[in-house]
Amino acid sequence: MATVDLIARLTAQGEAQFVGALGSADSAISGLGRTAVNSAQSLGRLFTGGIVAGATAFGVALGAGALEGLRFNNSMEQVSAQLMAFLKDGDAVDATLAMITERAAATPFAFEDMAKAATGLIPAATQANVPLEELIATAEILAASNPAEGLEGAAFALREAVSGDFTSIIERFNLPRSYINQLKEDGVPALEAVTMAMAQLGLDTDLVSNLAQTAEGRWSTIKDTFTVFAAQLTKPIFDFVSASMGRFLLKLDELKPIIDATVALLSGVISSFIANLEEGMTPLDAFIEAIDGLAPQGVIDF
């Protein structure tokens, strides 16, 4: 009997331990499951958030690119108009823009800076009887020697030099004053004197080429490349908007007499209204009196 009791107690004890072990295992598995679910949810939120953030960033970049393209197209239109005023020939304008684009891609200078410099140098090139591209190349070397002045300062100094004033090119770009004065006295043409003075300082196209190979120069070329891409993509939109504004201006011209008459009428109503207020009328009475006295007969009748 004692043996049976012992077996029973052992069996009961083993069963309790087995049930406890099962409970612990179940808790562990449940905890593991919850951990897995939580991890999956966290990864899901992270993945979804990444998609949303990526889409948002892409949208912002796309919008910024579109705006940059439209801005570039506007600048191109302005430059084209200026070139046409000087060159009087559409083919010559296209060839000049192609030359500027090519030089901007091969140098550390932005297209728009190059275009503005080229536009400003056309009269000087005509006066000096030299090709525009030759003058632009000289401006590039000067700008590379003093980036603070840039192409704009170089173009200005060259325009002055062509007219016989070497002050800017000497002071802005540190060219030797005595040497230039000697060349000037010897009757050397202005641009040739500038080129010789630059050569004395070792300033040549190598300076521009070396700057183009720097990180900043390469970044400028990359920016120009993507800006041109954006401009090409947004060109139809820009042309449509520009043409629409042209049609709107024509319509405004047609409606100008009506607009002028309406503005004059409203101006008179406002003046009369203020005068009526000064005479002590209430705002409503002053307004009615102004309308009654100035509105065309048959249109408003109080």
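The rules we used
- Residues numbered from 1 in each chain as written.
- Predicted model: local features only at pLDDT ≥ 70, side-chain atom pairs only at ≥ 80, totals over all residues.
- Heavy atoms only, no water.
- Helix = DSSP H or I, 4+ residues; strand = E, 2+ residues; numbered from the N terminus.
- Areas by Shrake-Rupley, 256 points an atom, 1.4 Å probe, with all protein chains shown as cover.
- Buried < 20%, exposed > 50% of the residue type's maximum accessible area, 1.4 Å probe, protein only.
- Contact = heavy atoms within 4.5 Å.
- Axes fitted to C-alpha atoms, helices over the stretch in contact; angles between N-to-C directions.
- Parallel < 35°, antiparallel > 145°, perpendicular 65-115°, else oblique.
- Left-handed = near helix turned anticlockwise from the far one by under 90°.
- Nonpolar A, V, L, I, M, F, W, Y, C, P; charged D, E, K, R; others polar.
- Patch = residues over 30% accessible without salt bridge, like charges linked within 9 Å, V, L, I, M, F, W, Y side chains within 5 Å.
- Salt bridge = Lys/Arg side-chain N within 4 Å of Asp/Glu carboxyl O.
- Lys, Arg positive; Asp, Glu negative; His and termini not counted.
- Charge placed at Lys NZ, Arg CZ, Asp CG, Glu CD.
- Core = buried A, V, L, I, M, F, W, Y, C linked by side-chain atoms within 4.5 Å.
- 1 Å grid on protein atoms, 1.4 Å probe; cavity = no way out; pocket = protein on both sides within 12 Å on 5 of 7 lines; lining within 4 Å.
- Points joined across faces, edges and corners; volume = space filled by probe spheres on them.
- Phe/Tyr/Trp six-rings, centres within 6.5 Å; stacked < 30°, edge-to-face > 60°.

Q: An account of the overall build of the chain is needed here, citing residue identities and associated values.
A: Each helix and strand counted, the chain has 11 helices and zero strands in total. Of the roughly 19000 Å² that the chain leaves accessible, carbon and sulfur atoms contribute 64%.

Q: Tell me about unusual backbone geometry, residues and numbers included.
A: Leaving glycine aside, a negative phi is the common case for residues, and trans is the common case for peptide bonds. Residues other than glycine seldom take positive phi values, yet K88 does so here, at roughly 60°. With respect to the helices, strands and loops of the structure, K88 is situated in the loop between helix 1 (2–87) and helix 2 (90–106). Within the chain, N129 stands out as a residue other than glycine whose phi angle is a positive 60°. For N129, the location among the structural elements is in the loop between helix 3 (111–128) and helix 4 (132–145). Of the residues examined, N129 reaches a relative accessible area of 70% and is grouped as exposed.

Q: I'd like a rundown of the environment of V93, residues and numbers included.
A: Among the secondary structure elements, V93 is positioned in helix 2. With 13 residues separating them in the primary sequence, V93 and S80 have C-alpha atoms 6.7 Å apart. Once residues within four sequence positions are removed from consideration, V93 is found in contact with S80, L83, M84 and L87.

Q: Account for the packing of helix 2 against helix 4, naming residues and giving values.
A: Contact geometry for helix 2 and helix 4: axes closest at 11 Å, N-to-C directions at 30°. Considering their axes alone, helix 2 and helix 4 lie roughly parallel with respect to each other. Regarding helix 2 and helix 4, the two cross each other, and that crossing is right-handed. Contact residues: T96, M99 and R103 in helix 2; L132, E133, I136, A137 and E140 in helix 4. Each residue belonging to the contact of helix 2 with helix 4 can be placed in one class, and the counts come to four nonpolar, one polar and three charged.

Q: Just give me the short version of a negative patch on the surface, but keep the residues and values in it.
A: On the surface, E278, E279, D285, E289 and D292 cluster together into a patch of negative charge. Take the negative patch: its biggest share by element is three residues, from helix 11 (residues 283–294). Summarising the element assignment, E289 is placed in helix 11.

Q: Which residues make up the environment of E289, and what values go with them?
A: Using a relative accessible area of 41% as the deciding quantity, one classes E289 as partly exposed. Those residues in contact with E289 that sit more than four places away from it in its chain are N276 and M281.

Q: Go over the nonpolar core, please, and point to the residues and values.
A: By size, the foremost hydrophobic cluster in this structure holds 48 residues, and its most contacted members are L121, L132, L158, F166, I169, L175 and V194. Breaking this core down by element, the ones donating at least two residues are helix 1, helix 2, helix 3, helix 4, helix 5 (150–162), helix 6 (167–173) and helix 8 (190–200). If one sorts the elements of this core by residue count, helix 3 sits on top with nine residues. If we ignore the near neighbours within four places in the chain, the residues touching L158 are L121, L135, T138, A139, L142, I169, L191 and V194.

Q: Lay out the layout of surface pockets with the relevant residues and their values.
A: As a volume, the largest pocket reaches approximately 510 Å³. For the largest pocket, the lining is made up of 20 residues, of which P108, F109, D113, G150 and L151 are closest to its centre. Elements represented by at least two residues in the lining of the largest pocket include exactly helix 3, helix 4, helix 5 and helix 10 (215–278). In terms of residue count, helix 5 provides more of the lining of the largest pocket than any other element does, five residues in total. Of the residues in the lining of the largest pocket, the class split is 10 nonpolar, five polar and five charged. Surrounding the second largest pocket, 15 residues form its lining, E134, T138, L191, E192 and T195 being those nearest its centre. Taken together, the elements giving at least two residues each to the lining of the second largest pocket come down to helix 4 and helix 8.

Q: Describe the packing of aromatic side chains, with residues and values.
A: Aromatic rings considered in pairs are described by the distance between their centres and by the relative angle of their planes. Evaluation of the coordinates by the stated rule reveals two aromatic pairs. For the pair F72 and F111, a centre-to-centre distance of 5.2 Å together with 50° between the ring planes defines the contact as tilted. Of this pair, F72 sits in helix 1 while F111 sits in helix 3, and the two are 39 residues apart along the sequence. The pair formed by F72 and F111 is uniform in burial state, with each residue classed as buried. Pairing F226 with F229 gives two aromatic rings, centres 6.1 Å apart and planes at 85°, and the pair type is edge-to-face. Placement of the pair is F226 and F229 together in helix 10, with a separation of three residues, close to one helical turn. Residue class for F226 comes out exposed when judged on its relative accessible area of 57%.

Q: Give a description of the pattern of salt bridges that names residues and reports values.
A: Under the definition given, this model contains nine salt bridges. Salt-bridge contacts for R172 lead to E149; the nearest nitrogen and oxygen are separated by 3.1 Å. Note that R172 is positioned in helix 6 and E149 in the loop between helix 4 and helix 5, a separation of 23 residues in sequence. Looking at R172, the relative accessible area reads 27%, which means it is partly exposed. Within the structure, one salt-bridge network assembled from shared partners comprises E68, R71 and E112.

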